[in-house]
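# Structure at a glance
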Amino acid sequence: MAGPSLLPGWTRGHVLTHLARNAEGGTRLLGWARTGVPSYEYESLAARAAAIDAGANRPAATLIQDVRQTSDAFAAAAAEMPSEAWQRIVRYTAGQEPRADVIVPSRLAEVLIHHVDLDLSYRPQDWPAWFTDDSLSLTVVSLTAGGKVALPVRVVCTDTDKVFAIGAVGPDSPVISGPQSELMAWLFGRSDGSQLSRVPSGPLPEIPSIY
């Protein structure tokens, strides 16, 4: 647990502590949506960081139990949600105000992405196809809507034949190609893109941090 993760400055203990506190935050947001009583994901971004640092050096058994218990509590809270509660608006710590129906997909993304960050035997190619399908579509929309990529590119999934545009692409825009999981790993900052190809040749564009 004290060994380095793939995230700069974080050990595996940091990653697991983050997953446990993230589950608790998600459970609080589900409670907000279910009851209508405002709550919070984390008290603040500073409090989030402090809680992760405080829990990172615990023994392996304690860390694993923490992740399991908080994940089980999150699943139970999700199972108790009435259908109308998923339409309520909640507020994340960073200020986003989505409907509650994003809480479970967001949690699943946290678990799958940070599973890779543990740097054990789980890799981006192990992500389930439904996750890379959904995430690629959402990520492309987010990057395009926010104008976050300076160089518009076309993204081609060589294993699914899906094509996406990031930004206002034109006939001369670069084409980035590769397996869907490798494209997602690059867009999530979990790969340097060395397994991808670009036409015309040249460096891949800088992608802002998403997770």
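Preceding block: the structure.
Report follows, based on the coordinates. (Residues numbered from 1 in each chain as written. Predicted model: local features only at pLDDT ≥ 70, side-chain atom pairs only at ≥ 80, totals over all residues. Heavy atoms only, no water.)

## As for the overall build of the protein chain
Within the protein chain, the regular secondary structure consists of 6 helices and 4 strands. For the protein chain, the sequential pattern of α-helices and β-strands runs α-α-α-α-α-β-β-β-α-β. For 211 residues, the compact-globule estimate of 2.2 N^0.38 gives 17 Å, and the protein chain sits close to it at 19 Å. Principal-axis analysis of the C-alpha atoms gives the protein chain an extent of 50 × 40 × 30 Å. Within the protein chain, the fraction of its 211 residues that count as buried is 41%. Considering only intrachain contacts with a sequence separation of at least 6, the fraction spanning at least 24 residues in the protein chain is 50%. Just so you have it, the protein chain exposes about 10,800 Å², and 56% of that area is on carbon and sulfur atoms. The average position of the 17 basic charges and that of the 22 acidic charges among the side chains of the protein chain differ by 4 Å. (Helix = DSSP H or I, 4+ residues; strand = E, 2+ residues; numbered from the N terminus. Rg over C-alpha atoms; globule rule 2.2 N^0.38 Å. Buried < 20%, exposed > 50% of the residue type's maximum accessible area, 1.4 Å probe, protein only. Contact = heavy atoms within 4.5 Å. Areas by Shrake-Rupley, 256 points an atom, 1.4 Å probe, with all protein chains shown as cover. Lys, Arg positive; Asp, Glu negative; His and termini not counted. Charge placed at Lys NZ, Arg CZ, Asp CG, Glu CD.)

## Quick look at the packing of helix α3 (residues 60–79) against helix α4 (residues 103–117)
In the contact formed by α3 and α4, the axes pass within 11 Å of each other and the chain directions differ by 160°. Classified by the angle between their axes, α3 and α4 sit roughly antiparallel to one another. Crossing geometry of α3 relative to α4 is assigned as left-handed. Residues Ser71, Phe74 and Ala78 of α3 touch α4, and the partners they reach there are Ile103, Val104 and Arg107. (Axes fitted to C-alpha atoms, helices over the stretch in contact; angles between N-to-C directions. Parallel < 35°, antiparallel > 145°, perpendicular 65-115°, else oblique. Left-handed = near helix turned anticlockwise from the far one by under 90°.)

## What to know about the pairing of strand β2 (residues 163–166)
Here β2 shows a clear split, with Phe164 and Ile166 buried on one side and none of Val163 and Ala165 buried on the other. Connecting strand β1 (residues 153–157) to the antiparallel partner β2 that follows it, the hairpin turn spans 5 residues, and Asp161 within it adopts a positive phi of roughly 65°. (Pairing = 2+ DSSP bridges.)

## Here's the deal with the pattern of salt bridges
Evaluation of the coordinates by the stated rule reveals 8 salt bridges. With a shortest N-O distance of 2.7 Å, Arg21 and Glu24 are connected by a salt bridge. Here the residue Arg21 and the residue Glu24 both occupy positions in helix α1 (residues 12–35), the gap between them amounting to 3 residues, near one helical turn. Using a relative accessible area of 30% as the deciding quantity, one classes Glu24 as partly exposed. Note that Asp117 is salt-bridged to Arg190, the shortest N-O span being 2.7 Å. Placement of Asp117 in helix α4 and of Arg190 in the loop between α6 (180–187) and β4 (197–199) is noted, with a sequence separation of 73 residues between them. Across the pair, exposure class does not vary: Asp117 and Arg190 are buried alike. One continuous salt-bridge network, built from bridges that share partners, spans Arg21, Glu24, Arg58 and Asp66. (Salt bridge = Lys/Arg side-chain N within 4 Å of Asp/Glu carboxyl O.)

## Thoughts on the packing of aromatic side chains
Under the defined criterion, the tally for this structure stands at 4 aromatic pairs. Judged by centre distance (5.5 Å) and plane angle (75°), the ring pair of Trp127 and Phe131 falls under edge-to-face. With a relative accessible area of 3%, Phe131 lands in the buried category. Centroid distance Trp130 to Phe131: 6.1 Å. Interplanar angle 80°. Geometry classified as edge-to-face. Taking relative accessible area as the criterion, Trp130 reaches 45% and is therefore assigned partly exposed. Aromatic ring contacts, followed pair by pair, group Trp127, Trp130, Phe131 and Phe188 into a single cluster. The side chain of Arg48 reaches across the aromatic face of Tyr42, ending 5.9 Å from its centre. (Phe/Tyr/Trp six-rings, centres within 6.5 Å; stacked < 30°, edge-to-face > 60°. Lys NZ or Arg CZ within 6 Å of the ring centre and 35° of its normal.)

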